[in-house]
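As a plain string of letters, each chain reads:
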Amino acid sequence: MRKLTVSAFLASAVLFLAYCTPKAGKTVAATPVETKEQIVARYPPDQLEKGHTLFTGNCAKCHKLKDPGSRTPAEWDKVLQRMIPKAKLSPDDGALVRAYLIANSKQG
Ligand code: HEC
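Residues numbered from 1 in each chain as written. Predicted model: local features only at pLDDT ≥ 70, side-chain atom pairs only at ≥ 80, totals over all residues. Heavy atoms only, no water.

Engineer: In this structure, what is going on with the coordination of the iron atom of the ligand? I would like to understand it.
Structural biologist: Ideal coordination angles are 109.5 degrees for a metal with four donors arranged tetrahedrally and 90 or 180 degrees for a metal with six donors arranged octahedrally. Donor atoms from the polypeptide that coordinate the iron atom of the ligand comprise His63 (NE2) and Met83 (SD), at 2.0 to 2.3 Å from the metal. Here the iron atom of the ligand is ringed by 6 donor atoms whose angles at the metal span 88 to 179 degrees, and the overall shape comes out octahedral. Of this pair, His63 sits in the loop between helix 3 (45–58) and helix 4 (73–86) while Met83 sits in helix 4, placing them 20 residues apart in sequence. When its relative accessible area of 21% is taken as the criterion, Met83 is described as partly exposed. (Donors = N, O, S within 2.8 Å, 3.2 Å for Na, K, Ca; no water. Tetrahedral: all angles 85-135°; square planar, octahedral: opposite > 155°, others 65-115°. Helix = DSSP H or I, 4+ residues; strand = E, 2+ residues; numbered from the N terminus. Buried < 20%, exposed > 50% of the residue type's maximum accessible area, 1.4 Å probe, protein only.)

Engineer: For this particular structure, what's the right way to read the environment of Ser105?
Structural biologist: Relative to the elements of secondary structure, Ser105 occurs in the segment after helix 5 (91–103). Note: C-alpha distance between Ser105 and Lys36 (69 residues apart in sequence) is 7.3 Å. Every residue in contact with Ser105, bar those within four places of it in the chain, is listed here: Lys36, Pro68, Gly69, Arg71, Thr72, Pro73 and Trp76. Among the polar contacts made by the side chain of Ser105, one reaches the main-chain carbonyl oxygen of Ile102 at a distance of 2.7 Å. (Contact = heavy atoms within 4.5 Å. Polar contact = N/O pair within 3.5 Å; in protein donor to acceptor, adjacent residues only side chain to side chain.)

Engineer: What exactly am I supposed to notice about the site of the ligand here?
Structural biologist: For the ligand, the set of nearby residues contains 15 residues, the closest of which are Cys59, Cys62, His63, Arg82 and Met83. Note that a nitrogen atom of the ligand is positioned 2.8 Å from one of the side-chain N or O atoms of His63. The separation between an oxygen atom of the ligand and a polar side-chain atom of Arg71 is 2.7 Å. With respect to the detected pockets, the ligand is housed in the largest pocket. Only helix 3 and helix 4 provide two or more residues apiece to the shell around the ligand. (Near = heavy atom within 4 Å. 1 Å grid on protein atoms, 1.4 Å probe; cavity = no way out; pocket = protein on both sides within 12 Å on 5 of 7 lines; lining within 4 Å. Sits in = over half its atoms within 2 Å of the grid points.)

Okay, here's the thing in structure tokens:
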């Protein structure tokens with residue numbers, strides 16, 4: 001009986017650790033997503049324009065261009081973590097596409 005209790009305890013401890021520990025790195029964004037205003041303040045208009053060009057040139061290869069205003073900054077941040085590698089953009093170019101999309105995103 002005692003043995004059973006101990007293994008039941010261990011089993012639930014393992015389950016607890018498996019499900020309740022935040023996954024490191026990947027899913028949890030390291031820094032909070034900047035707001036639209038912060039992005040606009042940080043990127044000069046010509047950089048945002050370059051982001052726009054990169055967006056139209058690289059993000060319509062597999063599907064139609066998505067409307068920047070269709071998503072909030074946080075939603076763009078999440079999707080772009082998958083799409084920037086798909087589009088094979090360099091980290092710098094990816095950052096410009098991200099800046100352009102967040103600068104024109106839905107307020108959220
Ligand atoms: C190599 C092909 C490919 C390229 C290039 C690509 N995408 Fe996608 N994208 C997909 C596929 C496939 C899906 C649908 C499946 C999914 O969500 O992963 C998708 C879905 C999306 C979605 C909807 C996802 C959601 O969960 O709402 C958005 C927004 C998006 N892409 C934006 C972009 C942007 C911005 C770029 C340019 C940086 C880009 N995509 C480049 C293949 C691509």
